[in-house]
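Geometric and topological summary
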Amino acid sequence: MTITKTHRDVLGASALRPDGVAKVQGDFSFSSDLHAENMLWGATLRSPHPYARIISIDLSGAWKIAGVECVITADDVPGQLTYGLISEDQPVFAKDVVRYMGEPIAAVAADHPETCRRALAAIKVEYEILEPLTDPERAIDGSHPDIHPDGNIIRHQRIVSGDITATAPIVVEGTYDIGMQDQAFLGTESALALPDHDGSGIEVFVATQWLHEDRKQMAKCLGLPEEKVRLVLGGVGGAFGAREDISLQVHTALLALRTGRPVKMQYGREESFFGHVHRHPAQIWMRHHATEDGRIVKIEARMVFDGGAYSSTSSAVLINGVTHTQGPYQCPNAVVDGYATRTNNPPCGAMRGFGVVQACFAHEGQMDKLAVATGIDEVEIRLRNIIHTGDTMITGQVLESVAPVERCIRETAALPLPAEMSSHPHELDLPGGSGRTADRRHIVRGIGWGVSMKNLMYSEGFDDYSTARCTLTNGKVELKFATSEVGQGFVTLAPQIARSILGVDDVTYDTIDTQIGSAGSTSASRQTWMSGGAVDGACRLVRERLFEHVGALHGVDPLRLGIDDTDIIDTIGDFRISVQEACADLSISETFEYHHRPTEDLDENGQGNCHVAFAFVAHRAVVDVDIELGLVKVVQIATAQDVGRVLNPMSVVGQIEGGIAQGLGLAVMEEIIVKDGKVRNPSFTDYLLPTALDAPQVLISMIEEPDPQAPMGAKGVGEAPCISVTPAIVAAIRNAIGKPIDRCPVRPQDICF
Amino acid sequence: MPVFIPSSLSEATSLLAEHPTAHLITGGTDFMVEVNFNHRHPETVISLRKIPDMQLWNIDKASGVVFIGASVPYATMEQGELADALPALAEAARTVGSPQIRAAGSIGGNLGTCSPAGDSLPVLAALNASVHLRSSDAERTLPFSEFMIGPKRNAKKPDEVITGVSIPMTNGWQGYAKVGVRNAMVISVASVCLAIHDKTVRVALGSVGPTIIRCSDAESWINSQDITAIDDSVAVEFGNRVSQESRPIDDHRSTAEYRRHAVGVLATRLLQRGTNA
């Protein structure tokens, strides 16, 4: 046989996004573009107070406004009054008490958004303002009365590993603060709910990360069987974790069921800041004990993740934090104490990096302190401690994933450093940018490192399977899956998989909805592995049947058949037939459910095989700092990332560059500022995201060591880029200014005072 | 909500006489954001962007004065003849928002809103600009220092339209610098304009007080020195004196301490730039 070289959009090719041109040209239909005949608009009344008792709610003013069709509160929720991803502790509407600023109290449906606004203004809520619990330490020490029936501690998890009395001559410690970051996705929360004609069920178009989980929670609150709630993915602008929790889903559906009319809800940007969870702000103390030659002997740590008013995914974020205490380094002995607290601050939950961002900021700060204390170079100190496949982690779990940490570090180091700044740089290239604050002589350059490991998929015994169907009809393939496309590119990848396995070019995908089994969440860097595994499995089942058909027809043992480009060939003979010819008038459909290997809960000492797999990455940051004004320009990020196998190079570059921009944001500007439980900057005027002028040059090396546990050898690449880039940038700033900074984002005053 | 789009200044002032509570807009880059945020619910709006007279600007070399119509967008000031005549204004204009905002936003809008963070305002203060106002039956001109009377407050009467500004050119260096916590598209945390005319230094500060601050004490001090021979210690002392005249507050964008420090550093650097020290 001979093998054909192909230029088709198969695995490994930089296939273009099917929705790419439409998105760039503005033709793509986002969920906020949805419209239905006879549609009403919905809007939400929210608490202005972080903590208050609701004395009374007077809806009469709203009902009197012409155009108002429906006003609902907690009293109108037909099913379960609360929802939640892990613990169902969050009310659909606050009833007796509000626990965070922005908590929903009522919703209205009316003929126009402006009518909705006036109706909300006409609702009178009498509050008794209570002293908010805003300090997570007071949630832990018990000095504040419980603000929720489930208590002020969402989860406490210890890890005790090895000899906890072990000591070593070099000891470094630090306390690290990580600010509250927002996912700041494009396309604010929006949904369109269409009630069935007989009122017995509902169809909801919504921008979400996980259709089936939304459906499960919605059905419970609506008091409907799950099959009566059908979800369709609306066009999603981005997610980054913020669309995992329920926001407007139940409200929109309830208004539609009550009015019998389609209802659309859409948050503005300011409301969006109150309508979704954020990245947990955290305070992490760590003490590393090491030998004089820099080998880690023991790590002690205490982590406090503030979950805010409701639990969301806080307990899972916490275990990600504590189990990643060691980072990508060996650690024979450890004592870790972690808390996820409940306070009257904004609820926090999933965001890209999911607890590992916070842990990594601390362990990488510690590695730099260790380098200083031992007099060993910051690259060398990391190399001396790196973890390998087969090593036992502090949870007792053996690291089974391919772990090319050394290659990540060495290949990052091998990427070229930027040229020295010229004597007359362009003014926009200096820190301060368009503000023209600095001249060349005010600038000092610094270099810093960050290395991380990140778990892939869900943990602690959760079976987060994914489902896909492949239908081959007359030489065309249609795929069906419920995988939320939030920008990550699964709609590009899935057809690539089918083309590779089946030798068919014409591959389409059906509407993404709940008319097939769950795909799990588009989060935890999991969809390439999980839904990719499901599509891969379904396509392989179809191919098996195709080979049986061809084998029977042409007298070849089906086991000898293989796909070469767009042909079916006898792998040890001369038979060859094009796939198109072979499957004329044939229709084969197969559904496959992919499950990863099972995991376990952690025990009280934090021991257990709780994670599925890991990915690794190194980042080197080069920054220019105006020390006197405290302003920073990130010049370059070099990164080598463990990707397993590159399935779409352009997609991977997009994930890496985007993740770096998000990690840069956390390093130097992005922070939701909360004072006394109140958000001070809920807008893009004051919640600053990096602009093109803030984005650095990015040099990328993709390390391909296919992981035997991954369906196609490919690891998830979504989260790794945004994790260790933040400590790398902060380390570069420290390197430039020569003094410690243990918080992010780094503010000008942290540098210049 | 009625929106009037007059095509002449006299039509605009008559409309304003009829609708004294009307909001005036040109680019709407500030106002429309407030409307979208539900912070304002205007009953009547008069849009000034179709009035040709207000789009005009000219450089009168004989008198040394530049006139800029209130509706001239920042994009026009960023480069070209206006930028050559008023480099500090060009530098300030380049820091305003994004290119889209600069294509729509105008100097009249900056004056109408009169935020202490208005990017062009320290330039107007340092260059001794005057503001032209017209009502249906009168017109008057105020020095900028009398026009801005508080945070988001100015001396414009409800029936007046800001028609433009007259800005005297300087025969010495002028420059502007602004600190924000991002390298572009950011609201000012602290800004400084420094201008030298007839060997006399003037300095004005933005975002560090209820109004734009002209630093009269620091100006007197530096103008008692030989500004042809500024050494580092003099420049730093000047910065310290500028700092002392700032009156910043803590808010979610920054701290008073940082702002006070930043205007001092910027003043030092601008003086060094201006005197090639």
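On a predicted model such as this, the values are computed, not experimentally measured, just so you know. (Residues numbered from 1 in each chain as written. Chains lettered and ligands numbered in written order. Predicted model: local features only at pLDDT ≥ 70, side-chain atom pairs only at ≥ 80, totals over all residues.)

**Concerning the environment of Pro116(B)**
Inspection of the secondary structure assignment puts Pro116(B) in the loop between α7 (107-113) and α8 (121-126). Between the C-alpha atom of Pro116(B) and that of Pro143(B), which follows or precedes it by 27 residues, the distance is 17 Å. (Helix = DSSP H or I, 4+ residues; strand = E, 2+ residues; numbered from the N terminus.)

**Observations concerning the pairing of strand β22 (residues 561-564) of chain A**
All names here are of chain A. Looking at chain direction, β22 and strand β23 (residues 567-570) are connected through 4 bridges and run antiparallel. When the sheet's bridge partners are listed, Asp564 is paired in β23 with Asp567. The hairpin formed by β22 and β23 contains 2 residues between the paired strands, and Asp565 there has a positive phi angle of roughly 55 degrees. (Pairing = 2+ DSSP bridges.)

**Quick look at the UniProt feature "domain: FAD-binding PCMH-type" (unreviewed entry) in chain B**
Annotation from UniProt places "domain: FAD-binding PCMH-type" (unreviewed entry) at residues 1-172 of chain B. End C-alpha atoms of residues 1-172 of chain B are separated by 49 Å, and the span's content is 33% helix alongside 23% strand. (UniProt positions renumbered as here; feature names shortened; annotations may be inferred.)

**Side note on the interface of chain A and chain B**
Listed per partner, the contact involves 26 residues of chain A and 26 residues of chain B. Elements supplying a minimum of two residues to the side of chain A that touches chain B: β27 (631-642) and α17 (748-752) of chain A. Examining the composition of the side of chain A that touches chain B, we find that 3 residues originate from one element, α17(A), more than from any other. Of the residues belonging to the side of chain A that touches chain B, the class tally is 8 nonpolar, 9 polar and 9 charged. (Contact = placed C-beta atoms within 7 Å. Nonpolar A, V, L, I, M, F, W, Y, C, P; charged D, E, K, R; others polar.)

**What about the UniProt feature "domain: Aldehyde oxidase/xanthine dehydrogenase a/b hammerhead" (unreviewed entry) in chain A?**
Residues annotated in UniProt with the feature "domain: Aldehyde oxidase/xanthine dehydrogenase a/b hammerhead" (unreviewed entry) correspond here to residues 25-131 of chain A. Secondary structure within residues 25-131 of chain A divides into 14% helix and 36% strand; the distance between the first and last C-alpha atoms comes to 50 Å.

**A look at the domain arrangement of chain B**
All names here are of chain B. With domains assigned, chain B is organised as domain 1 (55-168) and domain 2 (174-275). The straight-line distance from the C-alpha centre of domain 1 to that of domain 2 is 20 Å. Listed as interface residues are 22 residues of domain 1 and, on the opposing side, 23 residues of domain 2. Broken down by secondary-structure element, the contributors of at least two residues to the side of domain 1 that touches domain 2 are α5 (87-94), α8 and β8 (148-150). Ranked by residue count, the leading element in the side of domain 1 that touches domain 2 is α8, at 5 residues. (Domains from an automatic or database assignment.)

**Overview of the sheet that holds strand β2 (residues 23-25) of chain B**
Read from one edge to the other, the open sheet built from 3 strands follows the order β1-β3-β2 (chain B), with strand pairing classed as parallel. The open sheet has two edge strands with one neighbour each: β1 (3-4) and β2 of chain B.

**Description of helix α10 (residues 378-385) of chain A**
For an α-helix, 3.6 residues make a turn, and residues three or four places apart therefore share a direction. Residues and elements named next belong to chain A. Among the residues making up α10, those that are buried are Ile381, Arg382 and Asn385. The buried residues of α10 all sit within an arc of 95 degrees when viewed along its axis, so they share a single face. Tucked inside the fold, the buried residues of α10 contact β16 (296-306), α9 (356-374), α11 (405-414) and β18 (443-456). (Buried ≥ 20, exposed ≤ 12 C-beta atoms within 10 Å, placed from the backbone. Arc of directions from axis to C-beta.)

**Overview of the pairing of strand β13 (residues 200-206) of chain B**
Looking along a regular strand, one sees side chains alternate from face to face of the sheet. Residue and element names in this part refer to chain B. With respect to burial, β13 is a largely interior element, 6 of its 7 residues being buried. Pairing analysis gives 7 bridges linking strand β12 (residues 190-197) to β13, with the strands arranged antiparallel. Within the sheet, the bridge partner assigned to Ile196 lies in β13 and is Val201. The loop that links β12 with its antiparallel partner β13 comprises 2 residues; one of these, Asp198, has a positive phi angle of about 50 degrees. Across 2 bridges, β13 lies against strand β14 (residues 213-214) in antiparallel orientation. Looking at β14, one finds that Leu205 is bridged to Ile213.

**A few points about the sheet that holds strand β21 (residues 507-509) of chain A**
All names here are of chain A. An order of β21-β20-β19-β25 is seen for the 4 strands of this open sheet, with the pairing classed as mixed. At either margin of the open sheet sits one strand with a lone partner, and together these are β21 and β25 (587-594). Adjacent strand axes in the sheet meet at a mean angle of 20 degrees, parallel and antiparallel pairs treated alike. Relative to β21, strand β20 (residues 476-481) is paired through 3 bridges, and the arrangement is parallel. In the strand pairing of β21, Val477 is matched with Val507. (Axes fitted to C-alpha atoms, helices over the stretch in contact; angles between N-to-C directions.)

**Some words on the packing of helix α12 (residues 490-502) of chain A against helix α13 (residues 527-554) of chain A**
All names here are of chain A. Here α12 crosses α13 at 30 degrees, and the two axes come no closer than 9 Å. Relative to α13, α12 is oriented roughly parallel. The crossing of α12 and α13 is right-handed. Residues Phe490, Leu493, Ala494, Ile497, Ala498, Ile501 and Leu502 of α12 touch α13, and the partners they reach there are Gln527, Thr528, Ser531, Gly532, Val535, Asp536, Cys539, Arg540, Val542 and Arg543. (Parallel < 35°, antiparallel > 145°, perpendicular 65-115°, else oblique. Left-handed = near helix turned anticlockwise from the far one by under 90°.)

**Some words on the domain arrangement of chain A**
All names here are of chain A. Assigned domains of chain A: these are domain 1 (20-28 + 464-594), domain 2 (34-130 + 186-238 + 243-275) and domain 3 (282-459 + 601-752). A straight line from the C-alpha centre of domain 1 to that of domain 3 covers 36 Å. In this complex, domain 1 contributes 17 residues to the contact, which on the side of domain 3 involves 18 residues. Elements supplying a minimum of two residues to the side of domain 1 that touches domain 3: α12 and α13. If one sorts the elements of the side of domain 1 that touches domain 3 by residue count, α13 sits on top with 6 residues.

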